[in-house]
Amino acid sequence: MSKLLTTTPKQDDFYLPAETNNHLRTWMMWPHMKDNWQKDAFPAQKIFTLIAKIISTYEPVEMIVNEQNYSRAKKMLGNANVNLLKLKYYDSWARDLGALYLVNATGDRRAVSFQFNGWGMQNSLVLKERQFKWDYTIDNQVAIAMAHASGLDYYACPLVLEGGAIHTDGEGTLYTTEECLLNSNRNPSLTRDEVEEYLKQYLNVEKVIWIPRGMYSDETSGHINNLLHIVEPGHLLLNWTDNKIDPQYERSLEALLLLEKTVDAKGRVLKITKLHQPTPLFLTKREASERKDSARLVHRIAGFRMPASYLNFHLVNKALILPIFGDPIWDQNAITVLTKCFPTREVIPVYAREIVLGGGGIHSMTQTEFLF
């Protein structure tokens, strides 16, 4: 039986590995919220099924499913290498709700849970004015349930944090954005130094590199996983655009200028590979109308720019699952760049408009459980 630990990972020498490490499995969560997904979430369920089946050819998948959708999920997933775990929950972004899996130098494994408040929506004055009610204690239990299912002892950090807000290189460096983790909608009572100390204690990193802002129009308040990904320690992929009038240009440029004059925890000068973003995607009138009204997502109207990013990919054993968006130039460019950056992995492109309609990407919908 797994138990809650009263120490910290840093005290016990456990750390969050780089995502290129060997995986035991990938975790996912079945989508069902009708205010987040169009057409009663059925198109989202089809793309989640496709992603799960692709991943399951490289490593096992653990799919969290609620009671009401269990039969449908079981039927749609068929004989794929996917195990179903019944659990009550609302949102379906496993990267953000799920446990983070830690290892130590001898291959022992543990988990850590953080607090979840709906990407800051719990503290949104707009939602309070609309008398929006949401029981975040339900989704807050997902990470702990995952730790129990994995049979691992776990730590519980009081910091509000989603997994998509951070990237670590497994060698002491963590990347995040000020826009997200220092946002008043997450941890308003904490200073930057206090937030950084939680990261150092519960993820056992030595240096936090703070990038000012994430991707433009990102509903998560600037998650790092839309802006940046780690190829290997000291080598980063950065979301880029050559269009100087695009609002993203200023954000990517400020990140580039900061990273070019920064060294990581091991003192390495950072190598930056630019990955050009897709041509901006906008919500259509039909797509906006086919999603049920929500006090959470009142901004999702026709013309809303969706946070489509090639950086929101998921690494699995021997492969990389890449979101593409029907962009003939930049889709192919992303495949070419990532094939060069990850030469030992098969790059598998998946048309992902349905995923970004829900506010995330393939990295956002998955969580990695490391083998060592």
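Above this note sits the structure.
Residues numbered from 1 in each chain as written. Predicted model: local features only at pLDDT ≥ 70, side-chain atom pairs only at ≥ 80, totals over all residues. Heavy atoms only, no water.

## Some details on the environment of Lys318
Here comes step 1: Positionally, Lys318 belongs in the loop between strand S15 (314-316) and strand S16 (319-324).
Here comes step 2: Looking at Lys318, the relative accessible area reads 65%, which means it is exposed.
Here comes step 3: The sequence separation of Lys318 and Arg110 amounts to 208 residues, and the corresponding C-alpha distance is 24 Å.
Here comes step 4: Not counting residues within four places of it along the chain, the set of residues in contact with Lys318 comprises Tyr58, Thr344, Arg345 and Glu346. (Helix = DSSP H or I, 4+ residues; strand = E, 2+ residues; numbered from the N terminus. Buried < 20%, exposed > 50% of the residue type's maximum accessible area, 1.4 Å probe, protein only. Contact = heavy atoms within 4.5 Å.)

## Structural notes on the nonpolar core
Here comes step 1: Counting 101 residues, the largest nonpolar core has Leu203, Leu237 and Leu322 as its most contacted members.
Here comes step 2: Looking at this core, the element that brings in the most residues is helix H2 (residues 42-56), giving seven residues.
Here comes step 3: Leu322 has contacts with Tyr310, Phe313, Ala334, Ile335, Leu338, Val347, Ile348, Pro349, Val350 and Ile362, leaving out every residue within four places of it along the chain.
Here comes step 4: Core analysis: the second largest hydrophobic core is formed by 15 residues, Leu227, Leu238, Tyr249 and Leu270 among them. (Core = buried A, V, L, I, M, F, W, Y, C linked by side-chain atoms within 4.5 Å.)

## What to know about the side chain of Thr366
Here comes step 1: Turning to its location among the elements, Thr366 is positioned in the loop between helix H13 (353-357) and strand S18 (367-370).
Here comes step 2: You can call Thr366 buried: its relative accessible area is 0%.
Here comes step 3: Only 3.2 Å separates the side chain of Thr366 from the side chain of His314, close enough to count as a polar contact.
Here comes step 4: Those residues in contact with Thr366 that lie beyond four places of it in its chain are Thr26, Trp27, Met28, Ile55, Ala94, Arg95 and His314. (Polar contact = N/O pair within 3.5 Å; in protein donor to acceptor, adjacent residues only side chain to side chain.)

## Considering the pattern of salt bridges
Here comes step 1: In the structure shown here, the tally under the stated rule is 22 salt bridges.
Here comes step 2: Of the charged contacts, one joins Arg353 and Glu287 as a salt bridge, the two residues approaching to 2.7 Å between their closest N and O atoms. Of this pair, Arg353 sits in helix H13 while Glu287 sits in helix H11 (residues 285-289), and the two are 66 residues apart along the sequence.
Here comes step 3: The class for Glu287 is buried, based on a relative accessible area of 7%. (Salt bridge = Lys/Arg side-chain N within 4 Å of Asp/Glu carboxyl O.)

## A closer look at the pairing of strand S12 (residues 271-276)
Here comes step 1: Inspection of the sheet shows strand S11 (residues 235-240) paired to S12 by six bridges, in the parallel sense. The residue of S12 that forms the bridge with Leu237 is Thr273.
Here comes step 2: Where the polypeptide runs from S11 across helix H10 (residues 247-260) and back to S12, its parallel neighbour, the crossover connection is right-handed. (Pairing = 2+ DSSP bridges. Right-handed = clockwise from strand over helix to strand, strands pointing away.)

## Comments concerning the sheet that holds S15
Here comes step 1: As summarised here, the arrangement of the three strands in space is S15-S16-S17, forming an open sheet in which the pairing is mixed. In the strand order of this sheet, the two ends are held by S15 and strand S17 (346-351), each with one partner. Sheet twist, expressed as the average angle between the axes of neighbouring strands with direction ignored, equals 25 degrees.
Here comes step 2: As defined by bridge partners, S15 adjoins S16 across three bridges and the pair is classed as antiparallel. Directly across from Val316, in S16, lies its bridge partner Ala319.
Here comes step 3: The sheet strands contacting H2 are S15, S16 and S17, and the helix crosses S17 at an angle near 170 degrees.
Here comes step 4: Here helix H12 (residues 330-341) sits on the sheet in contact with S16 and S17, set at roughly 160 degrees to S16. (Axes fitted to C-alpha atoms, helices over the stretch in contact; angles between N-to-C directions.)

## Quick word on the state of the cysteines
Here comes step 1: Per the stated rule, a full pass over the model turns up zero disulfides.
Here comes step 2: Counting only cysteine sulfurs, Cys180 is the nearest neighbor of Cys157, a cysteine outside any disulfide, at a range of 14 Å.
Here comes step 3: Accessibility expressed as a relative area gives 1% for Cys157, which makes it buried. (Disulfide = S-S within 2.5 Å.)

## A closer look at empty space enclosed by the protein
Here comes step 1: With the rule as written, the count across this model stands at six cavities of 30 Å³ or more.
Here comes step 2: By volume, the largest cavity amounts to about 180 Å³.
Here comes step 3: Lining the largest cavity are 20 residues, and of these Trp93, Trp119, Thr220, Gly358 and Gly359 lie nearest its centre.
Here comes step 4: Looking at the second largest cavity, its volume works out to about 110 Å³. (1 Å grid on protein atoms, 1.4 Å probe; cavity = no way out; pocket = protein on both sides within 12 Å on 5 of 7 lines; lining within 4 Å. Points joined across faces, edges and corners; volume = space filled by probe spheres on them.)

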